[in-house]
Amino acid sequence: MDLSSLAIFSPVPTGSNLIAYNEKFSYSSEKYAALESNEAKRRKMDKPLDANSLIGAEPHYRTVKNLLLWNVSFIDVVLISSPMGMLGLPFLTRNKDFSAKVYATEATARIGQLMMEDLVSMHKEYRQFYGAEESDAPQWMKWDELELLPLELRQIVSGADGTELGGWMPLYSAADVKACMLKVECLKYAEEACYGGTLIIQAFSSGLEIGSCNWRISGPKGSISYISSSVFSSSAAMSFNYKALRRSDVILYSDFSSCNGPDKFDNDDNCSGAAGNNYSNLSSDDVNSEGNDTLLNDDEYLEEMEKLNFICSCSVDCIKAGGSVLIPISHIGITLQLLERFALDLASENMRVPIFLISSVAEELIAFTNIIPEWLCEQWQDREPCIVFCPHWSLRLGPVVHLLSRWSADQNSLLVMEEGLNANLALLPFKPMAMKVLQCSFVSGIQHFLLGVHYCSPTYSSKSVFALVPEILRQHIGPLETLFSFNYYSENKTVDIPYVKDSELDITVELACQLQYTTLKQQDMNISRLKGELMVERGRYRLHLGNDEQGSSQPRPLVHFGRIDLNNLLTALQKLGINTTLEEVTGAAGSPKASRIHVSEPSKAMIEVTEAQTLVSAADENIASVISQAISGALDCI
């Protein structure tokens, strides 16, 4: 689910905004459009973007383009990498044809469930204000209404090429969330889940967020590691476990952790997080040094701590000036760190300031993450400066709307926002704003990506692993192609990756004990013939003793194989008193096609030897039997 798309909708009006809303929408959409002349419509489309440009209706939510066209019955497995990734899951699971297995870590599943329940609860404000929709195609999605939107909003709704309108869906219900969670199988880190006897699926910590993970999928033909946004040194979650992914044959990398939304890659200059790292100057010595852990340790950790300290410092200054601080944020790990640092900083300043965490599921969320409940105040004190944490929902749902409406004119107050959100669009309903705005990116990406690919490589020769990277990132990866084997993928295109190892076969002890080895004549090798039942168990091929083989003492007929040496065969036939002549048959281009041995005595026969077979033709059964024995003696058998 793309929550940034919520910004095109007007928040539920409060206070004086409600009066302005009633004046604007005193007519229904149809009557309002009918009263406008073509010239008025044109002026509306061309005017600068302001709060009145936003859509005043119950929001739909943007998901994957053409999701309604998917045949979800073809999906076998869904892997959820983070709590935010849970938000779109009910769009799949509520489809009656959905039958896939869904895997997530225990923390991701629980936090994700709380976030979905909070979203459904907050969305009720819209439904109560606008009333229930009469159909799945609301008035604002009709073409004549879309044409009235400013260009920036039209492009968000329909996409630059006008093909993304089908990705907007009405929000799921609380019942959908409950049904969705029944289909999720929860895993601990490193716990093995076996799918269909063929695939072993494991989750390993990514360091980005509490419960977030990367995935390793192992099967008989090899292993794939899927790496989502990852952080090597995390103070809020378990750090990136790259060692568990080191033996992977293929690494599938999804994104830069510094870029928090799909809009960050709309053009090549927007990946500010990636551009800030001088990764193009890294040498092979930098990334191929096994002990060079400083690349992924102190600097990154200190940078994150400096950001948190700066937020706390700005917040304390606002509190001292008599303002309040509003922090709408989606990462629970960052919230926990800020709560801890606020408690320390306020105590060192000898300040008693209430701190609120406002959400319909706040109590359960805090209880789940074991936060000290004394950090939260029980009573709301409106006249006193305070610090408030709440879900951001693109500043369109829940308490953040009411608080911003109240504090936006206070120059002493502070709003802390995550990067990845279009601040100009998100803050439109609350302008003019005197409130200070601080926008931060809490995680950095390209260094983690580079080192992640390297450290997940099965050896320290980075060319031995295939790294799959989104095509949109090709120009950012260019300087690194001399260090790693990169392949690029894009939507609806197949990338062929060769297998880099042979399949392995486990043989049960009972079957192995029955093996009788024979030394080959033409090669220094021992070989044994066996028969059993081939199965796939927990991602490995296994050969069991077949039921028809148990207790059987009857000898099996010999199986002959190998290539006939003509000189040895002619010698063996001569010793048996058989007179022969050799004829070489050539093909159309002069290449040898077959060898024919003509037998004249004791009776006529012919032996034709080709690459594929040896054929004996004789009228006398006795001479045919003697020739067959001579051929068998020239071959290996088992």
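Here, the structure is the one placed above.
Residues numbered from 1 in each chain as written. Predicted model: local features only at pLDDT ≥ 70, side-chain atom pairs only at ≥ 80, totals over all residues. Heavy atoms only, no water.

S.K.: An account of the overall build of the protein is requested, with residue identities and associated values reported.
M.R.: What the protein contains, in helices and strands, is 20 helices and 28 strands. The buried share of the protein, reckoned over its 638 residues, is 46%. A sequence separation of at least 24 residues applies to 68% of the contacts in the protein between residues at least 6 apart. Surface accessibility of the protein: about 32800 Å² in total, with carbon and sulfur atoms responsible for 50%. (Helix = DSSP H or I, 4+ residues; strand = E, 2+ residues; numbered from the N terminus. Buried < 20%, exposed > 50% of the residue type's maximum accessible area, 1.4 Å probe, protein only. Contact = heavy atoms within 4.5 Å. Areas by Shrake-Rupley, 256 points an atom, 1.4 Å probe, with all protein chains shown as cover.)

S.K.: I'd like a rundown of empty space enclosed by the protein, residues and numbers included.
M.R.: A full pass over the atoms with the stated rule returns 3 cavities of 30 Å³ or more. Empty space within the second largest cavity amounts to approximately 50 Å³. If you trace the second largest cavity, you find it lined by Val 12, Thr 14, Met 122, Glu 125, Tyr 126, Arg 396, Leu 397, Gly 398, Val 401 and His 402. Mapped onto the lining of the second largest cavity, the elements with two or more residues apiece are helix H5 (106-130) and helix H14 (399-407). In terms of residue count, the dominant contributor to the lining of the second largest cavity is H5 (3 residues). Class assignment of the residues belonging to the lining of the second largest cavity gives a composition of 5 nonpolar, 3 polar and 2 charged. (1 Å grid on protein atoms, 1.4 Å probe; cavity = no way out; pocket = protein on both sides within 12 Å on 5 of 7 lines; lining within 4 Å. Points joined across faces, edges and corners; volume = space filled by probe spheres on them. Nonpolar A, V, L, I, M, F, W, Y, C, P; charged D, E, K, R; others polar.)

S.K.: An account of the pattern of salt bridges is requested, with residue identities and associated values reported.
M.R.: Counted under the stated rule, the structure contains 14 salt bridges. Salt-bridge contacts for Arg 538 lead to Glu 192; the nearest nitrogen and oxygen are separated by 3.1 Å. Of this pair, Arg 538 sits in the loop between strand S21 (532-537) and strand S22 (540-545) while Glu 192 sits in the loop between strand S5 (184-187) and strand S6 (193-195); the two residues are 346 residues apart in sequence, bridging distant segments of the chain. When its relative accessible area of 43% is taken as the criterion, Arg 538 is described as partly exposed. In this structure Glu 192 comes out as partly exposed when scored by relative accessible area, which is 43%. In this structure, the salt-bridge partner of Glu 504 is Arg 540, at a minimum N-O distance of 3.1 Å. (Salt bridge = Lys/Arg side-chain N within 4 Å of Asp/Glu carboxyl O.)

S.K.: If you had to explain the packing of aromatic side chains to someone new, which residues and values would you point to?
M.R.: With the rule as written, the count across this model stands at 8 aromatic pairs. Taking the centre distance of 6.1 Å and the plane angle of 10 degrees together, the rings of Tyr 126 and Tyr 130 count as stacked. Taken together, the residues Tyr 126 and Tyr 130, both in helix H5 and 4 residues apart, mark about one turn of the helix. Given the relative accessible area of 23%, Tyr 130 is considered partly exposed. (Phe/Tyr/Trp six-rings, centres within 6.5 Å; stacked < 30°, edge-to-face > 60°.)

S.K.: Please set out the sheet that holds strand S7 (residues 199-205) residue by residue, giving values where relevant.
M.R.: With mixed pairing, 7 strands are arranged side by side in an open sheet as S6-S7-S8-S9-S10-S16-S17. Each end of this open sheet is capped by a strand with a single partner; those strands are S6 and strand S17 (485-489). Shown here is a sheet whose adjacent strand axes are inclined to one another by a mean of 25 degrees, direction ignored. Strand direction decides the pairing type here: strand S10 (residues 250-253) and strand S16 (residues 466-470), joined by 3 bridges, are parallel. Within S16, the position partnered with Val 250 by the bridge is Phe 466. (Pairing = 2+ DSSP bridges. Axes fitted to C-alpha atoms, helices over the stretch in contact; angles between N-to-C directions.)

S.K.: Please set out the pairing of strand S3 (residues 101-105) residue by residue, giving values where relevant.
M.R.: Here S3 lies mainly inside the structure; 4 of its 5 residues are buried. Note that strand S2 (residues 77-79) and S3 share 3 bridges and pair parallel. Of the residues in S3, the one forming a bridge with Leu 79 is Tyr 103.

S.K.: Please give an account of the packing of helix H19 (residues 566-575) against helix H20 (residues 621-633) that cites residues and values.
M.R.: It is at 9 Å that the axes of H19 and H20 come closest, and there the two elements cross at 140 degrees. Classed by the angle they form, the pair H19 and H20 counts as oblique. In terms of crossing hand, the pair formed by H19 and H20 is right-handed. Residue-level inspection shows Leu 569, Ala 572 and Leu 573 of H19 in contact with H20, the latter providing Ile 627, Ala 630 and Ile 631. In the contact of H19 with H20, the residues fall into 6 nonpolar, no polar and no charged. (Parallel < 35°, antiparallel > 145°, perpendicular 65-115°, else oblique. Left-handed = near helix turned anticlockwise from the far one by under 90°.)

S.K.: So, the pairing of S10: which residues are in play, and what are the values?
M.R.: Pairing geometry for strand S9 (residues 222-227) and S10, over 4 bridges, is parallel. Across the sheet, residue Ile 224 finds its bridge partner in S10, namely Val 250.

S.K.: With reference to specific residues and values, describe the environment of Glu 164.
M.R.: As for its placement among the helices and strands, Glu 164 is situated in the loop between helix H7 (151-158) and strand S4 (168-169). Note on Glu 164: relative accessible area 25%, which makes it partly exposed. The spacing of Glu 164 and Arg 62 is 102 residues in sequence and 8.7 Å in space, taken between C-alpha atoms. Discounting residues that sit within four places of it in the chain, Glu 164 has contacts with Arg 62, Lys 65, Val 157, Ser 158 and Gly 159.

S.K.: Hey, could you go over helix H12 (residues 332-348) for me, with residue numbers and the actual values?
M.R.: With 17 residues, H12 should cover 24 Å at 1.5 Å per step; its first-to-last C-alpha distance of 24 Å lies within 8% of that length. Ile 332, Gly 333, Ile 334, Thr 335, Leu 336, Gln 337, Leu 338, Leu 339, Phe 342 and Leu 346 are the residues of H12 that are buried. Phi for Asn 350, located one or two positions after H12, is positive at around 55 degrees. (Expected span 1.5 Å × (residues − 1).)

S.K.: Give me the lowdown on the nonpolar core, citing residues and values where you can.
M.R.: Counting 58 residues, the largest nonpolar core has Ile 8, Trp 140, Trp 168 and Tyr 172 as its most contacted members. Mapped onto this core, the elements with two or more residues apiece are helix H4 (89-93), S3, H5, H7, S4, helix H8 (174-181) and H12. Discounting chain neighbours no more than four positions away, the residues touching Tyr 172 are Met 1, Leu 87, Pro 90, Phe 91, Arg 94, Met 116, Leu 119, Val 120 and Val 177. Core analysis: the second largest hydrophobic core is formed by 28 residues, Ile 311, Ile 319, Phe 342 and Ile 355 among them. (Core = buried A, V, L, I, M, F, W, Y, C linked by side-chain atoms within 4.5 Å.)

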